Structures are given as C-alpha cells and as structure tokens.
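# Architecture at a glance
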Amino acid sequence: MLTQREREIIALLRRDPLAGPQAIADAIGTTRSAVNVHLSNLGKKGAILGRGYILRQENAVVVVGGANIDIKVRSLAPVQHRTSNPGRSNTTAGGVGRNVAENLARLGTPTHLIAAVGRDAAGGRLLGDTQAAGVRVDHVHRSTHPTGTYTAVLDADGDMVVAISDMAATDALTPQDLQQARELIANASLLVLDGNLPADVLTYALDIAHPADVPTVIDPVSAPKAALLAPLIARERPIFALTPNLEELEAIIGRPVGTEEKDVIAAAAILHERGVRHAWIRLGERGSLLSTADDGHTFLPAPPADVRDVTGAGDAMLGAFVHALLAGSEPVDAARYGHAAAALTVASAATVRPDLTPRLIEDTLNDPSWSQT
C-alpha cells in the first residue's frame, strides 16, 4: 500500500516521468531529501522501475468512450430565449470518456484512453492536452470524420441551459478499431465504457472483458443513449457498476421511476436482476443512491458546493469513484469520494479541475463543514 505522499509523487510522475527530486519537492511542498526517501521506498515497493521513474502499470484502467472539443458559452445574466445574450466563451478538451480518463490520471491511476478523433488540428490538440494530463493515448483512433464538438450554453449561475453534441467520429468507431487493444482491455484492472459508443463497440468491449474477469463500469450518458444501451445489460454478461440518473434509469428498465426512496430502490433491484452488481443512481440536488446486489443500499446526500460550472461534474464523480475503488475503498466510501470530486469540479471553471489530487479530495472529505451520512 502506498502512503498519501507516495500517491502524490506517483501522480506527478504520471504527468512528468523525468521530473527531478527538487521539482517534485517544490510541487508537493517538502524537501529534496524527503523526496529521495519516498522515491527509494517507491522503488522497493515496485511502484517505480528505475531511471526516468518508469511506472509499473498496476491498477491500470482502460476507458473507451467519447473525446471531443468542449465549447462552453456562459451568459452574464439570466438567459433570455429567442434573442442574443451577452456572455463569455471558452474552448477546452472534453468528451465523457476522455474527461473520466483525465480525472483518473490526475488522481494518479494509470489510464489508457480508447476513442476516436479527427485527423485535423482539433484532434491533434485534443491528443496533446490529454497526453499532457497523464493519459496514455496510444490507442486513440484517428478518424476520417472531424473531431467531435460539444457545445454547452450555461446560465449565469453555471447551470446548463442546452447542449449540442456533434459526435460523428465517435459514432463511426467500429469493433475493428478496437482490435489492437484487445490485450490491453483483457489485462485491465477495470474497464470504463461511455454510453456514447455505438452498440456494436460496447458489445465488443464487453465480450473481451467478461471472459477475462475485468470489472466493467458503464456511464449511460443520456436517456436516448441509455435506451440503446438497455439490451446489452443482461445477467449472462454481468456489469460491475452502472451509473444512471433517473431519466437514464427509466430508459434502461423501460418504465417510469417515481421520486420516492422506495421507487428508486425498486428500480435498482431491476438492474440487479439483470446482472448489475452496483447501481449508483444520480439524483441531482438530492445526491445519489448506491445499491449493491444482496448487500443493501445507501443514500448519499449532495455535498455543499459553490457552483461556477456544472460541466464535467459527473465525469469527475465517476473517475474519482473508480480511483478510490482501485485504491481499496469500499464502494460506498468510493461513492463519497466521487461526490467530493464532483463538488470540487463544479466550484472550478474547468471541465476537469487541473489541480485535482487525492489530497484535495481527502481534505474536502475531512472538512467539518462538509459531511455526508
């Protein structure tokens, strides 16, 4: 097991394997001699493998999903429909799968991304930004379609008014594009799938993971995508965790779900009958329900947050959840960890918070003003 300080050093080395002891010491606020002791211990534990701090790919996650350019436009006042609104805009790397991968990498989990981007300048920028964050992008497919875009219009309070996705490159992804990554997927510690993927690609990835006993987590992404995903969720091919909101849950089980506690629990039970081990149902401002097959359920209230921008909160939530699971946390504790990451992300203007670290999340969880039952 790595100490907290060792995990911070690993996270830094994911981003810059050639960082020297003094640079590491400056980044984490300690002395060079202390860093040398930590590096020696990391070598003894097998977490680094010699010169250049080559990192062992332990607990590696493979994320298969969307990668696109995010264009975010925020109104300076409450949005007035059918007229021009003054505001500000910015462009960043985005995509559900890509965002989850970046959150994982920033937290220190070795992460590989499988996605599709265009052979254009936007695709090159997207790959460069993602790799700079510590994500391995060797298996990203360069498509003949333009790099996807996600355009979100935010109200003055940071809540989303509307969003438009152009995911042609992701839509064109085929099982053949994943063939070279078969061994990577089969040897992953965990597989994360983004519901933006075509059904045949989702099926192909699941068919690799299931016989190899690779736990799989699926984010349905949206109600329309969840409806397409529904036929793939079956007991003969169990899913480790599924993370829908209420609308996506309704699309998957094929019927309305009430808002009362008993209604959500009953809907989660249907997912368990269809082979889902952990149903982590997002309830918006109310928080979430984590239901585990044969092991009960826990409601987690939404943490307090100073909302600047809601974009990317769910991706941070999922990435932190997976990171905590692989670090040995129980699922309910991993869900709390995810809530903390989401709260930190909405308080930032960035889709993926660039200063996200395990220490920042743990400090948030330990803050007396921030509590969850």
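Since this is a predicted model, take the numbers as computed values, not measurements. (Residues numbered from 1 in each chain as written. Predicted model: local features only at pLDDT ≥ 70, side-chain atom pairs only at ≥ 80, totals over all residues. Heavy atoms only, no water.)

Each pocket or cavity is described by its volume, and for the largest pocket that value is around 1,500 Å³. The set of elements that each furnish at least two residues to the lining of the largest pocket consists of β2 (68-75), α4 (96-106), β8 (160-166), α9 (223-229), α10 (246-253), α12 (313-326) and α13 (331-346). In terms of residue count, β8 provides more of the lining of the largest pocket than any other element does, five residues in total. Of the residues assigned to the lining of the largest pocket, the class counts are 19 nonpolar, 14 polar and nine charged. (1 Å grid on protein atoms, 1.4 Å probe; cavity = no way out; pocket = protein on both sides within 12 Å on 5 of 7 lines; lining within 4 Å. Points joined across faces, edges and corners; volume = space filled by probe spheres on them. Helix = DSSP H or I, 4+ residues; strand = E, 2+ residues; numbered from the N terminus. Nonpolar A, V, L, I, M, F, W, Y, C, P; charged D, E, K, R; others polar.)

Here the focus is the packing of aromatic side chains. Scanning the model with the defined rule gives one aromatic pair in all. Both rings, one in Trp280 and one in Phe321, keep their centres 4.6 Å apart while their planes meet at 35°; by these two values the pair is tilted. One end of the pair, Trp280, is in strand β12 (residues 276-282); the other, Phe321, is in helix α12, with 41 residues separating them in the sequence. The class for Trp280 is buried, based on a relative accessible area of 0%. By relative accessible area, Phe321 is classed as buried at 1%. Above the face of the Trp280 ring, Arg282 is positioned so that its terminal group lies 4.5 Å from the ring centre. (Phe/Tyr/Trp six-rings, centres within 6.5 Å; stacked < 30°, edge-to-face > 60°. Buried < 20%, exposed > 50% of the residue type's maximum accessible area, 1.4 Å probe, protein only. Lys NZ or Arg CZ within 6 Å of the ring centre and 35° of its normal.)

We now examine unusual backbone geometry. Even without a glycine there, the phi angle at Asp213 is positive, about 60°. Counting through the fold element by element, Asp213 comes out in the loop between α8 (199-209) and β10 (216-219).

For the rest of this paragraph, the subject is the environment of Asp129. Tracing the sequence through the fold places Asp129 in helix α5 (residues 121-132). Overall, the relative accessible area of 36% leaves Asp129 in the partly exposed class. On a C-alpha basis, the gap between Asp129 and Gly94 in space is 10.0 Å, while along the polypeptide they are 35 residues apart.

The quantities given are spatial measurements derived from coordinates; they are silent on function.
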